[in-house]
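# Observations on chain architecture
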Amino acid sequence: MATVELRFSALPEHVRTARLVAAAVARRAGVDEAVLDEVRLAVGEACSRAVGLHESHDITSPVRVLLIEDEKKFSIEVGDGVSDHSGTSGAHGGAEGTAESDAEGEDEMGLAVISGLVDDVEVTTGEDGGLIRMSWPTATAATLP
Amino acid sequence: MDLSLSTRTVGDRTVVEVGGEIDVYTAPKLREQLVELVNDGSYHLVVDMERVDFLDSTGLGVLVGGLKRVRAHEGSLRLVCNQERILKIFRITGLTKVFPIHTSVEEAVAATD
């Protein structure tokens, strides 16, 4: 079971909340202070991407974030609702051509940032939607109160 | 923390001072500001990021968009940043090769290609 589970409406203003919660749980789990900035950035990128996917596919379900504390590592899973056979929604077709192509570029850049930052990362898409799984080592015991 | 933006003119350069967090929520405000400046004829921009606490790929996308816009007018977009955590994002995305990054506004304003 996840240590902390977060679900938020797929809106850009909630991504910051996800970053703050993830960083707080990571700190408690014993992730090195120097790495917390990376955790914050990576989870922000994953959540921004999920929000973008929900918006472009007109998905109303929330974005899911699982923060999992294990003995030796801290993992984050960010799940979106876009399954491998969702296809591309035509709802926003042609509405804002430039904005959409910008958004696509940002999505790719988001994944580039995640893979540049996190050594252990896995991006999958299944029946239930897409999932980005990332983990960082923790300095256990030593940091416990 | 929200995004703060202020602009001032130094010679033929326009300095945009950005503070706070540039993310998926706030980046559109920065995009609007850059687009407005270019539409008003400011083609040589210096974006001062010394007071930026957080930057993600959405923010990078906006800066790249700004660069494309000023270049269309043979302009320039220079960044001022000394914060390692922000510089790191430019490095891992290879954007240090795209943006001239300076250590002070004075240096950026004085710089020529």
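Model, not experiment: these values are computed from the prediction. (Residues numbered from 1 in each chain as written. Chains lettered and ligands numbered in written order. Predicted model: local features only at pLDDT ≥ 70, side-chain atom pairs only at ≥ 80, totals over all residues. Heavy atoms only, no water.)

Looking now at the overall build of chain A. In terms of regular secondary structure, chain A is built from three helices and five strands. When the 145 residues of chain A are sorted by exposure, 43% land in the buried category. Counting only contacts in chain A whose residues sit at least 6 apart along the sequence, the fraction spanning at least 24 positions is 68%. If you sum the accessible surface of chain A, you get close to 7,500 Å²; carbon and sulfur atoms cover 51% of it. (Helix = DSSP H or I, 4+ residues; strand = E, 2+ residues; numbered from the N terminus. Buried < 20%, exposed > 50% of the residue type's maximum accessible area, 1.4 Å probe, protein only. Contact = heavy atoms within 4.5 Å. Areas by Shrake-Rupley, 256 points an atom, 1.4 Å probe, with all protein chains shown as cover.)

Further remarks concern the packing of aromatic side chains. What characterises a pair of aromatic rings is the spacing of the ring centres plus the angle enclosed by the ring planes. Counted by the stated rule, this structure contains one aromatic pair over all chains. Note on F90(B) and F99(B): the rings are 6.0 Å apart at their centroids and 85 degrees apart in plane angle, and the pair reads as edge-to-face. Residue F90(B) shares its accessibility class with F99(B), and that shared class is buried. Positioned above the aromatic ring of F54(B) is the side chain of R19(A), whose terminal nitrogen or guanidinium carbon lies 3.8 Å from the ring centre. Directly above the aromatic system of Y25(B) lies the positively charged group of K29(B), at a separation of 5.4 Å from the ring centroid. (Phe/Tyr/Trp six-rings, centres within 6.5 Å; stacked < 30°, edge-to-face > 60°. Lys NZ or Arg CZ within 6 Å of the ring centre and 35° of its normal.)

The relative placement of two packed helices comes down to the angle between their axes together with the axis-to-axis distance. Residue and element names in this part refer to chain A. Contact pair helix α1 (residues 15–29) / helix α2 (residues 33–56): the axes reach a minimum separation of 9 Å and the direction vectors enclose 145 degrees. Crossing hand, α1 versus α2: right-handed. Facing α1, whose interface residues are V15, A18, R19, A22, A23, A26 and R27, α2 presents E33, L36, V39, R40, V43, G44, C47, S48 and V51. Among the residues forming the contact of α1 with α2, the class breakdown is ten nonpolar, two polar and four charged. (Axes fitted to C-alpha atoms, helices over the stretch in contact; angles between N-to-C directions. Left-handed = near helix turned anticlockwise from the far one by under 90°. Nonpolar A, V, L, I, M, F, W, Y, C, P; charged D, E, K, R; others polar.)

Counting residues at the interface gives 18 residues for chain A, matched by 20 residues for chain B. Here chain A meets chain B over a buried area of about 1,700 Å², counting both sides, of which 58% is carbon and sulfur. A salt bridge links R19(A) to D23(B), with the shortest nitrogen-to-oxygen separation between them at 2.9 Å. In this structure, the connection of chain A to chain B is made through six residue pairs in polar contact (both at pLDDT 80 or more). Mapped onto the side of chain A that touches chain B, the elements with two or more residues apiece are α1, α2 and α3 (97–117) of chain A. Top contributing element to the side of chain A that touches chain B by residue count: α3(A), with seven residues. (Buried area = accessible area lost by both parts, 1.4 Å probe. Salt bridge = Lys/Arg side-chain N within 4 Å of Asp/Glu carboxyl O. Polar contact = N/O pair within 3.5 Å; in protein donor to acceptor, adjacent residues only side chain to side chain.)

Residues F74(A), I76(A), M49(B) and F90(B) are the most contacted members of the largest nonpolar core, which totals 63 residues. Among the elements that make up this core, the one with the highest residue count is α2(A) (nine residues). Counting residues in each nonpolar core, the second largest holds six residues, with V15(B), V80(B), A108(B) and V109(B) among its members. (Core = buried A, V, L, I, M, F, W, Y, C linked by side-chain atoms within 4.5 Å.)

As for its placement among the helices and strands, S57(B) is situated in helix α2 (residues 57–71). A relative accessible area of 2% means that S57(B) is categorised as buried.

Now for the confidence of the model for chain A. Averaged over all residues, the pLDDT of chain A equals 85, while 80% of them reach at least 70. Confidence over residues 89–100 of chain A falls short of pLDDT 50; this stretch has nine contacts with residues more than four positions distant or in other chains. (pLDDT = per-residue confidence, 0-100.)

Tallied over the entire structure, the rule returns 15 salt bridges over all chains. Here R19(A) ties to E21(B) by a salt bridge, and the two come within 2.9 Å at their closest N and O atoms. Taken as a pair, R19(A) in helix α1 and E21(B) in strand β2 (residues 13–22) lie in two separate chains rather than in one. Note on R19(A): relative accessible area 2%, which makes it buried. Under the relative-accessibility criterion, E21(B) is labelled buried at 12%. A salt bridge links R133(A) to E77(A), with the shortest nitrogen-to-oxygen separation between them at 3.2 Å. Of the two residues, R133(A) sits in strand β5 (residues 129–137) while E77(A) sits in strand β3 (residues 73–79), which places them 56 residues apart along the sequence.

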